[in-house]
Amino acid sequence: AAATGKPVAGICVFAVDPSGNALSVAFDNGNGRYRIRPIAAGRFRIEYLPCGFGQRKLAWYYGPRVQVGTRSAVSGVNAALPQAGTIAGTVLAGSPAVGQPGICVEEVPVTGHGLARVVVTAAGGRYSLGGLAPGTYQVLFTPNCLLGAGDFVPQWYSGAASQARAATVTVTGGATTSGVGGTLSADGGISGTVTVGGAPAAGVCAIGYPVHGGQPVVAVTGATGAYQMAGLVPGRYLIEFAAGCGDGGYVTQWYDGASSRSGATPVSVAGGAVTSGIDAS
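Calculation criteria
- Every chain begins its residue count from 1, and numbering advances along the sequence as written.
- Given that the model is predicted, a residue must reach a pLDDT of at least 70 before its local features are reported, and side-chain atom pairs must reach 80 or more before they are shown or counted; all residues, however, enter totals for whole chains, interfaces and linings.
- To get the side-chain values, take all heavy atoms of the structure and skip hydrogens and water.
- Any two strands between which DSSP finds at least two bridges are classified as paired.
- The way it works is that DSSP assigns letters per residue, a run of H or I at least four long becomes a helix, a run of E at least two long becomes a strand, and they are numbered from the N terminus.
- The patch calculation keeps residues exceeding 30% relative accessible area without a salt bridge and links them within 9 Å when they carry like charges or within 5 Å when they are nonpolar (Val, Leu, Ile, Met, Phe, Trp, Tyr).
- To be clear on the numbers: accessible area is Shrake-Rupley with a 1.4 Å probe, and residue cover counts the displayed protein chains and nothing else.
- Here a salt bridge means any side-chain nitrogen of Lys or Arg lying within 4 Å of a carboxyl oxygen belonging to Asp or Glu.
- With a 1.4 Å probe rolled over the protein chains alone, any residue whose accessible area is under 20% of its type maximum counts as buried; one over 50% counts as exposed, and the rest are partly exposed.
- Throughout this description, a polar contact denotes any pair of N or O atoms lying within 3.5 Å of each other; where both atoms belong to protein, one of them has to be capable of donating a hydrogen while the other can accept it, and for residues adjacent in sequence the pair is counted only when both atoms sit in side chains.
- Here, two residues are considered to be in contact whenever any of their heavy atoms come within 4.5 Å of each other.
- Cavities and pockets are defined on a 1 Å grid built over the protein atoms alone: a cavity is a set of grid points where a 1.4 Å probe fits but cannot escape, while a pocket is an open set with protein on both sides within 12 Å along at least five of seven lines, and lining residues are those with an atom within 4 Å of any such point.
- Grid points are joined across faces, edges and corners, and a volume is the space filled by probe spheres set on the points.
- Amino acids outside the nonpolar list (Ala, Val, Leu, Ile, Met, Phe, Trp, Tyr, Cys, Pro) and the charged list (Asp, Glu, Lys, Arg) are all regarded as polar, and Gly is one of them.

Points about the sheet that holds strand E20 (residues 226-232)
What holds strands together in a sheet is hydrogen bonding between their backbones, with the strands either parallel or antiparallel.
Okay, so step 1: One open sheet accounts for three strands, arranged E20-E15-E24; its pairing is mixed. If you trace the sheet from one side to the other, it starts and ends with E20 and strand E24 (274-275), each paired once.
Okay, so step 2: Of the pairings in the sheet, the one linking strand E15 (residues 188-193) to E20 comprises five bridges and is antiparallel in character. Residue pairing in the sheet places glycine 188 in a bridge with leucine 232 of E20.

Overview of a nonpolar patch on the surface
Okay, so step 1: A contiguous nonpolar surface patch, about 340 Å² in accessible area, is contributed by Val120, Leu146 and Leu147.
Okay, so step 2: Under the relative-accessibility criterion, leucine 146 is labelled exposed at 83%.

Structural notes on the side chain of glutamate 240
Okay, so step 1: Counting through the fold element by element, glutamate 240 comes out in strand E21 (residues 235-242).
Okay, so step 2: There is a polar contact of 2.8 Å between the side chain of glutamate 240 and the side chain of tyrosine 209.
Okay, so step 3: What glutamate 240 contacts, discounting residues up to four positions off in sequence, is Cys205, Ala206, Ile207, Tyr209, Thr252, Gln253 and Trp254.

Description of the pairing of E15
Okay, so step 1: With five of six residues buried, E15 lies mostly within the body of the structure.
Okay, so step 2: Judged from the two bridges that link them, E15 and E24 form a sheet pairing that is parallel. Following the sheet pairing, glycine 189 is matched in E24 by valine 274.

A look at the layout of surface pockets
Okay, so step 1: What the largest pocket holds in volume is close to 1,000 Å³.
Okay, so step 2: Lining the largest pocket are 36 residues, and of these Tyr34, Arg35, Gly76, Val77 and Asn78 sit closest to its centre.
Okay, so step 3: Each residue belonging to the lining of the largest pocket can be placed in one class, and the counts come to 21 nonpolar, nine polar and six charged.
Okay, so step 4: Here the second largest pocket defines a volume of roughly 660 Å³.
Okay, so step 5: Lining the second largest pocket are 25 residues, with Ala161, Pro210, Gly213, Gly214 and Val233 positioned closest to its centre.
Okay, so step 6: Sorting the residues of the lining of the second largest pocket by element identifies strand E14 (182-184), E20 and E21 as the ones contributing at least two each.

Remarks on the environment of glycine 192
Okay, so step 1: Structurally, glycine 192 is set in strand E15.
Okay, so step 2: Looking at glycine 192, the relative accessible area reads 9%, which means it is buried.
Okay, so step 3: Considered as a pair, glycine 192 and isoleucine 103 are 89 residues apart in the sequence and their alpha carbons are 30 Å apart.
Okay, so step 4: For glycine 192, the residues in contact, after removing those within four places along its chain, are Gly225, Ala226, Tyr227, Gly277, Ile278 and Asp279.

See below:
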């Protein structure tokens, strides 16, 4: 432990390969010592996770990168774990905005030796994300995760639509950085039908491009020729219909009947609603 200089028990030690796979784990033996074996040759990042009872005050921490050979052990791969810090806040959503449970809060380390972690908001939209190493982090609020719930647009703290514009949150060991929250807006959607010669066309790509930039959203027409794009940030979109999602032989078309993007008619999307009738023939 960095604060005392004394060995600690109850720490899980992982060797993680460049692809992010945790190949081995060792539990320290009570006097702060650990050993991982056998382990294949390669380069690994060593990660330390307080997993024992009573060690929640120590941070999840990544240590050095280690080159492991085939003939001898690598020794002296040590760490001094700092006290953990915490990020806490409340996530609101809806209209009127109220505390929203079921929103995942994901932190991304920017500086320091922290590891990525996630929690889910509880009743009233409150959360507390602990175990953080001192440093700076970016924080994402999103329902699009394993335990997430709700039809809301993901948002980065503080109010940013993308990670590139997200603010950083400073975490200090042994302290709580509070008030890190957000207000999520309801997402929207676009739906329509694609036909060829009056018959439903399955396997056609329907691609929505945000007018003001951002990642495109792709939907594929089904057997009835219908498609629906969900989870859209409110705003305006240019819609492209193209071959390549299971069927081919069609000329690309933009809504509403344009042959190029420059002639496309923007489609408006409102939060909590689906803009329907965005069709192509």
